[in-house]
Amino acid sequence: MADYVIVGGGIYGCAIAWELAKAGEETLLLEAKSIASGASGGLGERGVRANGRDLRELPLMRLAYDIWLDLHERIGGFTGYRRLGHLHLIEREADLAGAPAQVWMQNRQGIESHLLEAEQSRELEPQLSENVIGAIYCPKDGVADHSATTRAIAEAAREAGAQIIENAPVTGLRRQGDVIISIRATIDGKDREIEVGKQVILLSNAHVAGFVRDNIGIELPLWRMWPQVMALAADIPPPMTHLIGHAHRTLAIKPLPDGRVMVSGGWRGRWDEASGQGEPVAEQVEGNRLQAAAVYPALAELEVDEVFTDRAEMISVDGIPIIDTLPGAANMLVGVGWSGHGWAIAPAAAKLMARWALSGERPEMLASFGYGRFFA
Ligand SMILES: Cc1cc2nc3c(=O)[nH]c(=O)nc-3n(C[C@H](O)[C@H](O)[C@H](O)COP(=O)(O)OP(=O)(O)OC[C@H]3O[C@@H](n4cnc5c(N)ncnc54)[C@H](O)[C@@H]3O)c2cc1C
């Protein structure tokens, strides 16, 4: 029996377990494999970026900026958080036309943003292609070491009193009316039924949609994707010092601490039935590499060192998460559909979800993410 049963040991599950345990609540986290074995782990670093983010997520990002700053002190562990600054590059006049409106909106949301001309962009990034005619610059954006952070928060949760069990896949639930009274899981190879004292918090990402469909009978407007990330061989120092995004290219670039350059931004792998995970597709790798070399010509010389497409992420139909309870499961809070950009806002969203779980009241900042938004 546990008052709060959390399903999934990614950044969300671990951060909420930490918050609930700190509040003195009896908290059990069940993770199917190991901590950070999903989207919250793997190659390189994750962007902690507000620039170009959906308007509805910007209040969370503003809060997250502050939390990221001293998170390492509060968890007593490594996060690798660095404010590199983010440049949203512009090559087309049409994108330049809209840029002042984006800068205006982001500044109104408390996200420091500047519109840079071509020359100012090249002062920050001297190796940029001549085709870049401007950029939107957010100096507070940066990166974090996602695997290390997730594991460190799990450790902090344990120290605060949360029980975390790995290799413990959740397989089902039992309800009385619309209240979940127990969760079924396989622990140490045995089927176990765990009584739920207060609430279930479902944060198992790629597993959520199927679990909700099979157990609650609700179809969520989500699908699974296998985002592609690659590291180009080290070129020391790397040709860029900022986190890079792009107005029309499918592209994100990060200089990694080991001197390699991480390239990603929305290219994807394909599902491989045999291995049960995403595997790289040669054209996608080449496409992503060419996009990177188009804005940093020096990258054309670098070999592709590693490519991974093994971490699944759920995408929602409108590109922002669903954070809500669902009809038929009144004591289950669900957070899913982070749509490839759930890392940066995680410390803020997790804090607010924990507050919701404790008080029973939805924090105003989460109002945009309700399941009800899909219904007329
Ligand atoms: C390649 C890639 C690059 C990304 N880049 C960025 C970026 O630069 N910036 C950004 O903001 N975001 C980025 N994201 C998104 C971000 O990483 C995710 O949104 C975030 O990590 C999701 O965290 P989570 O805790 O919800 O899920 P996960 O980390 O996937 O955790 C879910 C956990 O649930 C477990 N689980 C599954 N089934 C069960 C079960 N039956 N029982 C128990 N546990 C179960 C899994 O094993 C997993 O550990 C990226 C994502 C990927 C995949």
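Refer to the structure above for everything that follows.
What comes next is a walk through the structure. If you're wondering where the values come from, they're calculated on a predicted model, not measured in any experiment.

### Points about the site of the ligand
Taken together, 33 residues form the shell around the ligand, and within it Glu31, Ser40, Gly47, Val170 and Glu313 come nearest. The contact in question runs from an oxygen atom of the ligand to an N or O atom on the side chain of Glu313, over 2.7 Å. Here an oxygen atom of the ligand and a backbone polar atom of Ala344 are 2.9 Å apart. Coverage of the ligand by the protein amounts to 91% of the 1,000 Å² it exposes when considered alone. Looking at the shell around the ligand, the elements that each hand over two or more residues are α1 (11-22) and β3 (46-48). Split by domain, the residues of the shell around the ligand number at least three in each of domain 1 (2-45 + 147-223 + 317-374) and domain 2 (86-139 + 227-310).

### Some remarks on the sheet that holds strand β13 (residues 229-232)
Pairing is mixed in the open sheet, where eight strands are placed in the order β5-β6-β4-β14-β15-β16-β13-β19. Edge positions in the sheet fall to β5 (114-117) and β19 (304-308), since each has one partner strand and no second. This sheet shows a mean twist of 20° between the axes of neighbouring strands, independent of strand direction. As defined by bridge partners, strand β4 (residues 86-90) adjoins strand β6 (residues 134-138) across five bridges and the pair is classed as antiparallel.

### Some words on the nonpolar core
Membership of the largest hydrophobic core comes to 56 residues, with the highest contact counts inside it found for Tyr12, Ile16, Met61 and Ile201. Within the residue set of this core, elements represented by two or more residues are β1 (2-7), α1, α2 (58-75), α5 (146-159) and α8 (346-359). In this view, Tyr12 contacts Leu203, Trp338, Gly342, Ile345, Ala346, Ala349 and Ala350; residues no more than four positions away in its chain are not counted. Counting residues in each nonpolar core, the second largest holds 33 residues, with Ala2, Leu173, Val212 and Tyr371 among its members.

### Considerations on unusual backbone geometry
Phi angles above zero are rare outside glycine, and Asn167 is one such case at about 55°. For Asn167, the location among the structural elements is in the loop between β8 (163-165) and β9 (170-176). With a phi angle near 60°, Ser339 is a residue other than glycine that sits in the positive phi range. Tracing the chain through its elements places Ser339 in the loop between β22 (329-336) and α8.

Cut-off values and rules
Residues numbered from 1 in each chain as written. Predicted model: local features only at pLDDT ≥ 70, side-chain atom pairs only at ≥ 80, totals over all residues. Heavy atoms only, no water. Near = heavy atom within 4 Å. Polar contact = N/O pair within 3.5 Å; in protein donor to acceptor, adjacent residues only side chain to side chain. Areas by Shrake-Rupley, 256 points an atom, 1.4 Å probe, with all protein chains shown as cover. Helix = DSSP H or I, 4+ residues; strand = E, 2+ residues; numbered from the N terminus. Domains from an automatic or database assignment. Pairing = 2+ DSSP bridges. Axes fitted to C-alpha atoms, helices over the stretch in contact; angles between N-to-C directions. Core = buried A, V, L, I, M, F, W, Y, C linked by side-chain atoms within 4.5 Å. Buried < 20%, exposed > 50% of the residue type's maximum accessible area, 1.4 Å probe, protein only. Contact = heavy atoms within 4.5 Å.

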